[in-house]
Amino acid sequence: MNIRILSSAYNDLVAGRKFYERQSEGLGEYFFDSLFSDIDSLLLYGGIHQKVYGYQRLLSKRFPYAIYYKMDDEETIVVWRVLDCRQAPEKTGISLS
């Protein structure tokens, strides 16, 4: 099985990393590593998560973020967005499309 991270999801991760790095030195790197660990867990648990807005949603274990993904086929998991759960999408201008 493969995981493909779209540029929209990667940009979300980079923005989160910058935010947390401004909070405390090294926290941004911890955020990045933690979220990638959550994404890697999809190799074992992909497809078991609740569907929200037509995407499966994995909630991060350590940060208030949600990973939205789809199972493209039996061999590929596509990560579409990684969104901060503390903000309303309409407030941030972020959409899942």
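Here the structure is shown first, and the text comes after it.
Since this is a predicted model, take the numbers as computed values, not measurements.

**Concerning the sheet that holds strand 4 (residues 65-71)**
Right, so step 1: Across the sheet, five strands lie side by side as 1-5-4-3-2; this open sheet has mixed pairing. Here the strands that pair on one side only, and so sit at the sheet edges, are strand 1 (2-5) and strand 2 (51-52).
Right, so step 2: Sheet topology places strand 2 next to strand 3 (residues 55-59); two bridges connect them, and they run antiparallel. Paired with K51 across the strands is Q56, a residue of strand 3.
Right, so step 3: This element, helix 1 (residues 7-23), spans strand 1, strand 4 and strand 5 (76-84) of the sheet and lies at about 40 degrees to strand 5.
Right, so step 4: Across the sheet, helix 2 (residues 27-40) is in contact with strand 1, strand 3, strand 4 and strand 5; its angle to strand 4 comes to roughly 30 degrees.

**What about the packing of helix 1 against helix 2?**
Right, so step 1: Look at helix 1 against helix 2: their axes get within 6 Å of each other, and the N-to-C directions meet at 145 degrees. The two elements helix 1 and helix 2 cross, and the hand of that crossing is right-handed. The residues of helix 2 that touch helix 1, namely those facing Y10, L13, V14, G16, R17, Y20, E21 and Q23, are L27, G28, E29, F31, F32, L35, F36 and I39.
Right, so step 2: Counted by class, the contact of helix 1 with helix 2 contains ten nonpolar, three polar and three charged residues.

**What about a nonpolar patch on the surface?**
Right, so step 1: Judged by side-chain polarity, M1, L43 and M71 come together as a nonpolar surface patch covering roughly 250 Å² of accessible area.
Right, so step 2: Accessibility expressed as a relative area gives 42% for L43, which makes it partly exposed.

**Here's the deal with the packing of aromatic side chains**
Right, so step 1: For the coordinates displayed, the defined rule picks out ten aromatic pairs.
Right, so step 2: For the pair F32 and F36, a centre-to-centre distance of 5.0 Å together with 75 degrees between the ring planes defines the contact as edge-to-face. Of this pair, F32 and F36 both sit in helix 2, four residues apart, which is roughly one turn of the helix.
Right, so step 3: Under the relative-accessibility criterion, F32 is labelled buried at 9%.
Right, so step 4: Residue F36 is classed as partly exposed on the basis of its relative accessible area of 23%.
Right, so step 5: Three or more aromatic residues link up through ring pairs in this structure, and these residues are F19, Y20, Y30, F31, F63 and Y65.

Thresholds, definitions, all that
Residues numbered from 1 in each chain as written. Predicted model: local features only at pLDDT ≥ 70, side-chain atom pairs only at ≥ 80, totals over all residues. Heavy atoms only, no water. Pairing = 2+ DSSP bridges. Helix = DSSP H or I, 4+ residues; strand = E, 2+ residues; numbered from the N terminus. Contact = heavy atoms within 4.5 Å. Axes fitted to C-alpha atoms, helices over the stretch in contact; angles between N-to-C directions. Left-handed = near helix turned anticlockwise from the far one by under 90°. Nonpolar A, V, L, I, M, F, W, Y, C, P; charged D, E, K, R; others polar. Patch = residues over 30% accessible without salt bridge, like charges linked within 9 Å, V, L, I, M, F, W, Y side chains within 5 Å. Areas by Shrake-Rupley, 256 points an atom, 1.4 Å probe, with all protein chains shown as cover. Salt bridge = Lys/Arg side-chain N within 4 Å of Asp/Glu carboxyl O. Buried < 20%, exposed > 50% of the residue type's maximum accessible area, 1.4 Å probe, protein only. Phe/Tyr/Trp six-rings, centres within 6.5 Å; stacked < 30°, edge-to-face > 60°.

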